[in-house]
Amino acid sequence: MLCIGMFTGCAQTPDSSLVKPKGSKAVDAYTEADDVSGSKGEASESKNDDGSESKTTIRNLIDAPQNYKSHVEDDSAKLVVNTDASVEIPEVEKISAISVTAAEVTQELLDRITNAFFSEAKLYTLDSYYVKTKDEIKKTLDELKEDVANGNLDPYNYGTDDDGNYVYDIYEDIETWEQEYETAPEKKTLTEAKPVAGNFFDCIAQMPDDSQYYYMISSDGSDTLSVKIKKAANKGGEKIPEDAMWCDYGYSEEEEKPTEESIGLSLDEAKKLVKEKVEKMGITDLQFSNWNYAVCKSFEGDNSSGNFGNGYRIDYARTINGVPVTQTIADGGALEDMDSTMETWSYESLCFYVDKDGIESMTYSNPYTIGKIKTENLNLLSFSEVMKIYEKMMVVTNADNMQYENSRVYNIDRIVLGYARIYEPSTDAHTGILIPVWDFFGSMTSESEYNGETESNTSKDPNESFLTINAVDGSIIDRDLGY
């Protein structure tokens, strides 16, 4: 059984005798904390002025403030880290290390998800739903040939390449459609489908109001389970562009911040819709964790982005004994290099995008099964020790970037203590452990030179953690890798 030695390959935190070794022997670092009276595994108690018992929380034990400020620069002063952050710590007396494994994907689970969203829908295989009939192909051919006759050889405005040739070859496209016409059916024959545990599944769900949803279930790559539901057509059958994508507000500088008025739905109403759906899915071990404004974007033929609506992103996550799993934008199942054949495992997640018409998109991935407590009351580094590591490692981990950039400025506004799942894929790809970590959120702006021009880049996703520190031994965890 995998214990805690999850840090092979992580950057060694420099110049700190407080940081324990990584590798299989790192389990030695995970000891029971002493209370003030010297007994292990028990929170200390004192008396309030009225004689009632007063519990000592983690914030007291590690001497953490409500807010923290600092300013750090590298030797060149090109890298600046400004910290003016709230310090978010669960109101608990202890934090444990807990084993976790990938949950079994059962038919019962898939049926609950299907019924929660599509109890009144017809599910059709993609092949049967999207097959083109002879009449549909003929219509396309007639339009393309008319374009040629009128001298319009670039009807989709794809433009030309560096040599002045059209990117889109209309003659080749006409030839392809003529070949497909020969084998195309006279009419569609829709084939109904149902997800089966262990099999890849994708379909179109046709709702009674003629709205449509793309529905996919897979277990592939780093995902033990990946469920994706995305609206494909609005009520009445109006198609949504295939490349339309929901993303968090803040992803792009161009976006205008959504408001409750522009969305047409209050946050409370959106949270209620999601809560009802989660209950129908029977996912009882995850709870609402956070939200953000969201925008739906699509790229037109000329590569300009179009806004197709505003809404909310609503996330659910696991909380264990009062300690939540901290959510970030990282998936946690990345490979160390592209040539690696190692099996990996992404994080558990449940995410919804909601607008005035209801739930537009849902993803559910990699459910966990919570196992035994490995260490009941972990001995955590003090807050001041963690901040020394943070301020040093923000410089160290950005050293390579500063070889190519004129400047990089971080503004950190949230420091969060919560759980993260780590694992050692080379030993067991689907067994890990939940440990407490510190994450640092905010924004980053960088400037660099390209072809003689200065380019600026800003990253301000509220769920992007710029550094993750193990709260027990001070080692740096790569959120993308998951260890």
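Treat the numbers as computed from the prediction; the structure is a model and nothing was measured. The numbers attached to residues start from 1 for each chain and follow its sequence in the written order. Confidence filtering applies because this is a predicted model: local features only for residues at pLDDT of at least 70, side-chain atom pairs given and counted only at 80 or more, and all residues used for totals across whole chains, interfaces and linings. Processing note: side-chain calculations cover all non-hydrogen atoms of the structure and skip hydrogens and water entirely.

(A) Broad picture of the confidence of the model for the chain. Of all residues in the chain, 87% have pLDDT values of 70 or greater, and the mean over the chain is 88. Across the chain, each position has a pLDDT score giving the predictor's confidence in that residue, from 0 to 100. Between two residues, a contact is recorded if the distance between any of their heavy atoms is within 4.5 Å. In the predicted structure, residues 1–28 sits below a pLDDT of 50 and forms 68 contacts with residues beyond four places in sequence or in another chain. In this model residues 301–305 is a low-confidence stretch, pLDDT under 50, and it forms nine contacts with partners more than four residues away in sequence or in other chains.

(B) Spotlight on the packing of aromatic side chains. Pairing of aromatic rings covers Phe, Tyr and the six-membered ring of Trp, with a centre-to-centre limit of 6.5 Å; geometry is then stacked below 30 degrees between planes, edge-to-face above 60, and tilted otherwise. On inspection of all chains with the given rule, the structure shows 22 aromatic pairs. Plain terms: the ring middles of Trp291 and Tyr312 are 6.0 Å apart, the flat faces sit at 65 degrees to each other, and that makes the pair edge-to-face. Highlighted residues: Trp291 in strand β11 (residues 287–299) and Tyr312 in strand β12 (residues 305–317), separated in sequence by 21 residues. Remark: exposure states derive from per-residue accessible area (1.4 Å probe, protein chains only) relative to the maximum for the residue type, with buried under 20%, exposed over 50%, and partly exposed in between. With a relative accessible area of 2%, Tyr312 lands in the buried category. Centroid distance Trp345 to Tyr423: 6.0 Å. Interplanar angle 85 degrees. Geometry classified as edge-to-face. Linking Trp345 in the loop between β14 (323–324) and β15 (349–355) with Tyr423 in strand β18 (residues 407–423), this pair joins segments that are 78 residues apart in sequence. Its guanidinium or amino end placed over the ring of Phe441, Arg414 lies 4.8 Å from that ring's centre, counting from NZ or CZ. Working definition: helices are DSSP H or I runs of at least four residues, strands are E runs of at least two. Numbering for both runs from the N terminus. The criterion for a charge sitting over a ring is simple: Lys NZ or Arg CZ within 6 Å of the ring centre, and within 35 degrees of the ring normal.

(C) Quick look at the nonpolar core. Remark: nonpolar core denotes a set of buried residues (Ala, Val, Leu, Ile, Met, Phe, Trp, Tyr, Cys) joined through side-chain atoms within 4.5 Å. The biggest cluster of nonpolar side chains holds 58 residues, and the ones touching the most others in it are Tyr390, Trp438, Phe440 and Ile469. Going through the elements one at a time, α1 (58–62), β3 (67–73), β4 (79–88), β5 (97–102), α8 (383–396), β18, β19 (431–450) and β21 (465–470) are the ones with two or more residues in this core. It is β18 that contributes the most residues to this core, eight residues altogether. Those residues in contact with Phe440, other than ones at most four positions away along the chain, are Val386, Met387, Tyr390, Ile412, Arg414, Ile415, Glu464, Ser465, Phe466, Leu467 and Ile469. Counting 38 residues, the second-largest nonpolar core is a separate cluster that includes Phe117, Ile263, Phe352 and Ile359.

(D) Up close: the layout of surface pockets. A pocket, in this scheme, is an open set of points on a 1 Å grid over the protein atoms alone with protein on both sides within 12 Å along at least 5 of 7 lines, while a cavity is a set where a 1.4 Å probe fits but cannot get out; residues line either one if an atom lies within 4 Å of a point. Grid points are joined across faces, edges and corners, and a volume is the space filled by probe spheres set on the points. Of the pockets and cavities examined, the largest pocket occupies roughly 1200 Å³. In terms of residue count, the dominant contributor to the lining of the largest pocket is β15 (five residues). Class assignment of the residues belonging to the lining of the largest pocket gives a composition of 22 nonpolar, 13 polar and 13 charged. Throughout this entry, Asp, Glu, Lys and Arg are counted as charged residues, while Ala, Val, Leu, Ile, Met, Phe, Trp, Tyr, Cys and Pro are counted as nonpolar. The remaining residues, Gly among them, count as polar.

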